[in-house]
Amino acid sequence: MTIEITFNDRTYPVHEGESVLDGLERHGVAVPSSCRNGVCQSCLMRATSGEVPASAQSGLKPTQKERGYFLACQFKPTGNVTVALPDAADQRRFTARVVEKTRLNPTVSRIRLSKPQDFQFKAGQFMRVYRDGESRSYSIASMPQQDYLELHIKVFPGGHFSSWLCQTVQVGEELTIGEATGDCFYLADNLDQPLLMIATGTGLAPLWGVVRDALAQGHRGEIHIFHGSYVRDGLYYMDEFAALAAKFPNVRYYPCVSDDPTESQALRGQADVQALKHFPKLNGWRLYLCGNPDMVNTMKRKAFLAGASLKDILADPFIVTVPRQELPEAPAA
Ligand SMILES: Cc1cc2nc3c(=O)[nH]c(=O)nc-3n(C[C@H](O)[C@H](O)[C@H](O)COP(=O)(O)OP(=O)(O)OC[C@H]3O[C@@H](n4cnc5c(N)ncnc54)[C@H](O)[C@@H]3O)c2cc1C
Ligand code: FES
């Protein structure tokens, strides 16, 4: 059976098992996308007819689900569908001015933006920054009660957004940002639950928000934060986390360095490995995993095997944009 996607009054045949994103792109139709893994929500589309599976709506708001929104990279149609790009009214954009830029280590910069008046978020969520019709996701490190949005950006040489944000954008410039989204935030449903937070690199950004939010909401259980980097230069906010741990007896902070055998002020080894070494049994724990997608996915599996319930594992893999030419071939018809 031929499956057809109708978009902008034109019909495109797609292969069985092919996503809406891949199918449309194969026919030369441009659809915004970034992670191609169901995380960043850049490929949001709406079905005006046809069935949308729940798996293609993971992480969307109930109102979006009701209106037929889906992630084009996750929707592999099994029957004909008619799809559209999101209505402009459903995709709020905000203007935010850069109010501060600070180098946190040789590759990571902190950018603080003025918080737009109607911008709502929970500490630990992420938002998209837009540029020339493209966007990238960045986690918010600040708390909702602060009057700025804090981002921690790691520069990648030649990276379209990270180089621009870290090297070109100046204090005073205005950026266009999208709404906050993501499930990696503090849930105040059990103030005594032990929390294990593991980050690599700028994965620390959402955790800096989540841990302070948890404490602000009166979390009493233990909170253990492991931050990993290959070398010590890749760590940052060591003093800030140490100060938090000194102030709150239930907080412990563990900087980890994996590729420097001479390291003396941090644990030697990967953050996830160190965390499991310290806490091999995770029954009843809630975990927050942010940063390198390999670490996040491996640790998800290991945490589950160590006894953590899947609903208690909250994760933000920082999946980077996959260039079109690096994608595998579409399946044969
Ligand atoms: C939910 C989510 C939250 C995120 N939060 C943050 C955050 O708080 N801080 C942050 O710095 N980034 C974060 N990212 C990653 C961010 O969205 C961008 O992918 C990153 O800044 C690189 O974008 P770029 O435009 O500079 O690179 P691009 O121009 O898109 O990349 C060009 C190429 O460079 C290489 N590259 C780029 N980034 C990486 C990488 N991380 N690892 C390996 N190779 C890479 C890849 O080959 C890539 O194809 C997050 C991503 C997601 C999905
Ligand atoms: S969620 Fe589809 S491209 Fe990121």
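Residues numbered from 1 in each chain as written. Chains lettered and ligands numbered in written order. Predicted model: local features only at pLDDT ≥ 70, side-chain atom pairs only at ≥ 80, totals over all residues. Heavy atoms only, no water.

## Let's talk about the nonpolar core
One finds Met197, Val211, Ile223, Phe241 and Tyr288 to be the most contacted residues of the largest nonpolar core, which totals 27 residues. For this core, the secondary structure elements donating two or more residues are strand 12 (195-200), helix 4 (204-216), strand 13 (223-229), helix 5 (238-247), strand 14 (251-257) and strand 16 (286-291). No fewer than three residues from each of domain 2 (92-178) and domain 3 (195-317) sit in this core. Excluding its chain neighbours within four sequence positions, the residues that come into contact with Tyr288 are Cys184, Phe185, Tyr186, Leu187, Leu195, Leu196, Met197, Ile198, Leu207, Val210 and Leu314. (Core = buried A, V, L, I, M, F, W, Y, C linked by side-chain atoms within 4.5 Å. Buried < 20%, exposed > 50% of the residue type's maximum accessible area, 1.4 Å probe, protein only. Helix = DSSP H or I, 4+ residues; strand = E, 2+ residues; numbered from the N terminus. Domains from an automatic or database assignment. Contact = heavy atoms within 4.5 Å.)

## What about helix 7 (residues 293-305)?
Side chains that are three or four residues apart share a direction in an α-helix, a result of its 3.6 residues per turn. A rise of 1.5 Å per residue sets the reference length of helix 7, with its 13 residues, at 18 Å; its end C-alpha atoms lie 18 Å apart and thus fit the reference within 8%. Among the residues of helix 7, those classed as buried are Met295, Val296, Met299 and Ala303. For helix 7, the buried positions fall inside an angular range of 95 degrees around the axis, keeping them on one side. Exposed positions of helix 7 whose direction lies more than 90 degrees from the buried face are Asp294, Arg301 and Leu305. A side-chain oxygen of the first residue of helix 7 lies 2.7 Å from the backbone nitrogen of Asp294; this N-cap is Asn292. (Expected span 1.5 Å × (residues − 1). Arc of directions from axis to C-beta. Polar contact = N/O pair within 3.5 Å; in protein donor to acceptor, adjacent residues only side chain to side chain.)

## Description of unusual backbone geometry
The phi torsion at Asp9 lies on the positive side, around 65 degrees, for a residue other than glycine. Mapped onto the fold, Asp9 is located in the loop between strand 1 (3-7) and strand 2 (10-14). Positive phi is not limited to glycine here, since Gln41 has a value of about 65 degrees. The topology assignment puts Gln41 in the loop between helix 1 (20-26) and strand 3 (44-49).

## Description of the sheet that holds strand 10 (residues 148-154)
An order of 9-8-11-6-7-10 is seen for the six strands of this open sheet, with the pairing classed as antiparallel. Sheet topology places strand 9 (134-139) and strand 10 at the edges, where each strand pairs with a single neighbour. For this sheet the average axis-to-axis angle between neighbouring strands, irrespective of direction, equals 40 degrees. Inspection of the sheet shows strand 6 (residues 93-103) paired to strand 11 (residues 174-178) by five bridges, in the antiparallel sense. Considered in strand 11, the bridge of Phe94 is made with Ile177. (Pairing = 2+ DSSP bridges. Axes fitted to C-alpha atoms, helices over the stretch in contact; angles between N-to-C directions.)

## Things to note about the environment of Ala205
Tracing the backbone through its elements, the reader meets Ala205 in helix 4. Taking relative accessible area as the criterion, Ala205 reaches 1% and is therefore assigned buried.

## Quick word on empty space enclosed by the protein
By the definition in use, this model includes one cavity of 30 Å³ or more. Here the largest cavity defines a volume of roughly 190 Å³. Forming the boundary of the largest cavity are 15 residues, of which Gln41, Gln64, Gln91, Arg128 and Glu179 lie nearest the centre. The element contributing the most residues to the lining of the largest cavity is strand 8 (residues 126-131), with four residues. Across the lining of the largest cavity, the residue classes tally to five nonpolar, five polar and five charged. (1 Å grid on protein atoms, 1.4 Å probe; cavity = no way out; pocket = protein on both sides within 12 Å on 5 of 7 lines; lining within 4 Å. Points joined across faces, edges and corners; volume = space filled by probe spheres on them. Nonpolar A, V, L, I, M, F, W, Y, C, P; charged D, E, K, R; others polar.)

## Some details on the pairing of strand 12
With respect to burial, strand 12 is a largely interior element, six of its six residues being buried. What you see with strand 12 is no split at all: Leu195, Met197 and Ala199 on one side and Leu196, Ile198 and Thr200 on the other are buried throughout. For strand 12 and strand 13, the ladder comprises six bridges, and the chain directions are parallel. From the neighbouring strand, Leu195 faces strand 13, where its bridge partner is Ile223. Of the crossover connections in this fold, the one passing from strand 12 over helix 4 to the parallel strand 13 is right-handed. For strand 12 and strand 16, the ladder comprises five bridges, and the chain directions are parallel. What sits directly across from Ala199, in strand 16, is Cys290. (Right-handed = clockwise from strand over helix to strand, strands pointing away.)

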